[in-house]
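A closer look at the structure
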2 protein chains.
Amino acid sequence: MFATMNPKEILNSHNLKRTSCREGIIEVIMSSDKALSENEIRDRLFGNYDRTTFYRSFKTLVESSIVHKIVVDNNLVKYALDNQLTHKNEHAHFYCNECNSVVCLESVTIEKPALPEGFSSSEIDFVIKGTCKLCKEKAE
Amino acid sequence: MFATMNPKEILNSHNLKRTSCREGIIEVIMSSDKALSENEIRDRLFGNYDRTTFYRSFKTLVESSIVHKIVVDNNLVKYALDNQLTHKNEHAHFYCNECNSVVCLESVTIEKPALPEGFSSSEIDFVIKGTCKLCKEKAE
DNA sequence: AAAATATTTGCAACATTGTTGCATTTGATA
DNA sequence: TATCAAATGCAACAATGTTGCAAATATTTT
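Each residue is numbered by its place in its chain's sequence as written, counting from 1. Naming scheme: in the order in which they are written, chains are lettered from A and ligands are numbered from 1. For a predicted model such as this one, the threshold for reporting local features is a pLDDT of at least 70, and the threshold for listing and counting side-chain atom pairs is 80 or more; totals across whole chains, interfaces and linings nevertheless cover every residue.

Here the focus is the interface of chain A and chain B. Contacts are defined on C-beta atoms placed from the backbone: any two residues whose C-beta positions lie within 7 Å are in contact. The interface is formed by 29 residues belonging to chain A together with 29 residues belonging to chain B. Numbered from the N terminus, helices here are DSSP runs of H or I no shorter than four residues, and strands are runs of E no shorter than two. If you list the elements that add at least two residues to the side of chain A that touches chain B, you get strand 4 (91–96), strand 5 (102–109), strand 6 (120–131) and helix 5 (133–139) of chain A. When residues in the side of chain A that touches chain B are grouped by element, the largest group, 12 residues, is from strand 6 of chain A. Residues are grouped as follows: nonpolar covers Ala, Val, Leu, Ile, Met, Phe, Trp, Tyr, Cys and Pro; charged covers Asp, Glu, Lys and Arg; every other residue, Gly included, is treated as polar. Split into classes, the residues belonging to the side of chain A that touches chain B amount to 14 nonpolar, 9 polar and 6 charged.

See the structure below:
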């Protein structure tokens, strides 16, 4: 679905106003193969926006399922396109301890585990930490 | 191992000084079946300690693998005893959206998934979000 | 048991992030 | 182009993470 759409079309299809901040954020995220933090996105963005605007833009985009949020520990938040085409519904994320990058592991789908009696799950956060391919090659 | 030890012994066995803050934290965590946040622990603690002391105590206890840290999204941090006896090495955690409690799911062990070629993992964060048994019963 | 030493604590201070209210600006629509 | 709803920028504040440093405390040595 998103694969063939541009930021404007994505916003339109979600009934969101096409503001330059939102368009920019989507564009930057689309152009990256990694999940990006607020600051990384800001740095790659053309315009300059207030922190609050950023904050609210992310909130809106996440609520509209245009973007999804990946949290690593309590100090790192990254965003990636919530591309229903390329991403399975529930996939794992990989965090590289060396380069601090986060990628969606589309190949690693999450199977809901059997929970203790009486519990029910609605969402699963699965973050695998380790060393990514690039950093491993660098270390050799 | 820990099951039969008291806070003093635990600290001794890790070559940590037996300070009242550390002992208190361990005691409070030991006495709870749920993971506890910094504030929850502070409230149940006898003495009064500076925020910095708390912060550094947790850091020390986590680094010594006496306690482990569970992070839910980017706004909730809880601590649980890292009991090598009762807890499997890598287990999942459950976060209840209703009562905001976090428990270790010792029955849900994490199997390391097959990663893309070149990646290696050292640690896995697995948080299942949903409704816990108690909250479900309450809703009926 | 007291002194010496190394560690921990409390305080002050600051950075980062999350969050809200409100006036102003902007995008969509009639 | 005028109107209206929504988004933005600014100010302000809360919570949390973090460090440096002097004072207090725990452990070790005499």
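Let's shift gears to the protein's contact with DNA strand C. Nearness here has a simple definition: the residue's C-beta atom, placed using the backbone, must lie within 6 Å of the molecule or strand. Around DNA strand C sit 20 residues, and of these Arg18 of chain A together with Thr19, Asp50, Thr52 and Thr53 of chain B come closest. Contributions of two or more residues to the surface near DNA strand C are made by helix 4 (51–63) of chain A together with helix 2 (20–30) and helix 4 (51–63) of chain B. Of all the elements, helix 4 of chain B adds the most residues to the surface near DNA strand C, at 4 residues. Looking at side-chain class alone, the surface near DNA strand C contains 5 nonpolar, 9 polar and 6 charged residues.

Our next topic: helix 4 of chain A. The end-to-end C-alpha distance of helix 4 of chain A is 18 Å, a good match for the 18 Å that 13 residues give at a rise of 1.5 Å each. After helix 4 of chain A finishes, the residue serine 65 of chain A shows a positive phi value of roughly 60 degrees. Helices are assigned an expected span. That span is 1.5 Å times one less than the residue count.

With that out of the way, let us pick up the sheet that holds strand 5 of chain A. DSSP calls a pair of strands paired once it identifies at least 2 bridges connecting them. The strand order across the open sheet formed by 6 strands is 5(A)-4(A)-6(A)-6(B)-4(B)-5(B), and the pairing between neighbours is mixed. Every interior strand has two partners, whereas the edge strands, strand 5 of chain A together with strand 5 (102–109) of chain B, have only one. Adjacent strand axes in the sheet meet at a mean angle of 30 degrees when their direction is disregarded. With 11 bridges joining them, strand 6 of chain A and strand 6 (residues 120–131) of chain B adopt antiparallel strand pairing. The residue of strand 6 of chain B that forms the bridge with serine 120 of chain A is threonine 131 of chain B. The axes used here are C-alpha line fits, helices contributing only the stretch in contact, and every angle between their N-to-C directions lies in the interval 0 to 180 degrees.

Quick look at the pairing of strand 3 (residues 76–81) of chain A now. All names here are of chain A. The pairing of strand 1 (residues 36–37) with strand 3 spans 2 bridges and is antiparallel. Along strand 3, the bridge assignment pairs leucine 36 with tyrosine 79. For strand 2 (residues 67–72) and strand 3, the ladder comprises 6 bridges, and the chain directions are antiparallel. The partner of histidine 68 across the bridge, within strand 3, is alanine 80. In sequence, strand 2 turns back onto strand 3 through a hairpin of 3 residues, with aspartate 73 there showing a positive phi of about 50 degrees.

Least-squares fitting of chain A to chain B yields an RMSD of 0.1 Å, with the superposition described by an axial translation of 0.0 Å and a rotation of 179 degrees. On the angle and the small slide along the axis, the relation comes out as a two-fold axis. For the least-squares superposition of copies, only C-alpha atoms count, and only for residues with pLDDT at least 70 in both.

Next up on the list: the environment of glutamate 98 of chain B. Residues and elements named next belong to chain B. With respect to the helices and strands, glutamate 98 occurs in the loop between strand 4 (91–96) and strand 5. Partly exposed residues are those whose C-beta has more than 12 but fewer than 20 other C-beta atoms within 10 Å; 20 or more makes a residue buried and 12 or fewer makes it exposed, with C-beta atoms placed from the backbone. For glutamate 98, a count of 13 C-beta atoms within 10 Å puts it in the partly exposed group. Note: C-alpha distance between glutamate 98 and isoleucine 124 (26 residues apart in sequence) is 25 Å. Those residues in contact with glutamate 98 that sit more than four places away from it in its chain are Thr131 and Cys135.

You can see leucine 81 of chain A is positioned in strand 3. Separated by 59 residues in the primary sequence, leucine 81 of chain A and glutamate 140 of chain A have C-alpha atoms spaced 32 Å apart.

Moving on, we get to the sheet that holds strand 1 (residues 36–37) of chain B. Residue and element names in this part refer to chain B. The antiparallel open sheet is built from 3 strands, whose spatial order is 1-3-2. Edge positions in the open sheet fall to strand 1 and strand 2 (67–72), since each of these has one partner strand only. Here helix 2 sits on the sheet and contacts strand 1, strand 2 and strand 3 (76–81); the angle it forms with strand 3, its principal contact strand, is near 85 degrees. Helix 4 contacts strand 2 and strand 3 of the sheet and is inclined by roughly 110 degrees relative to strand 2.

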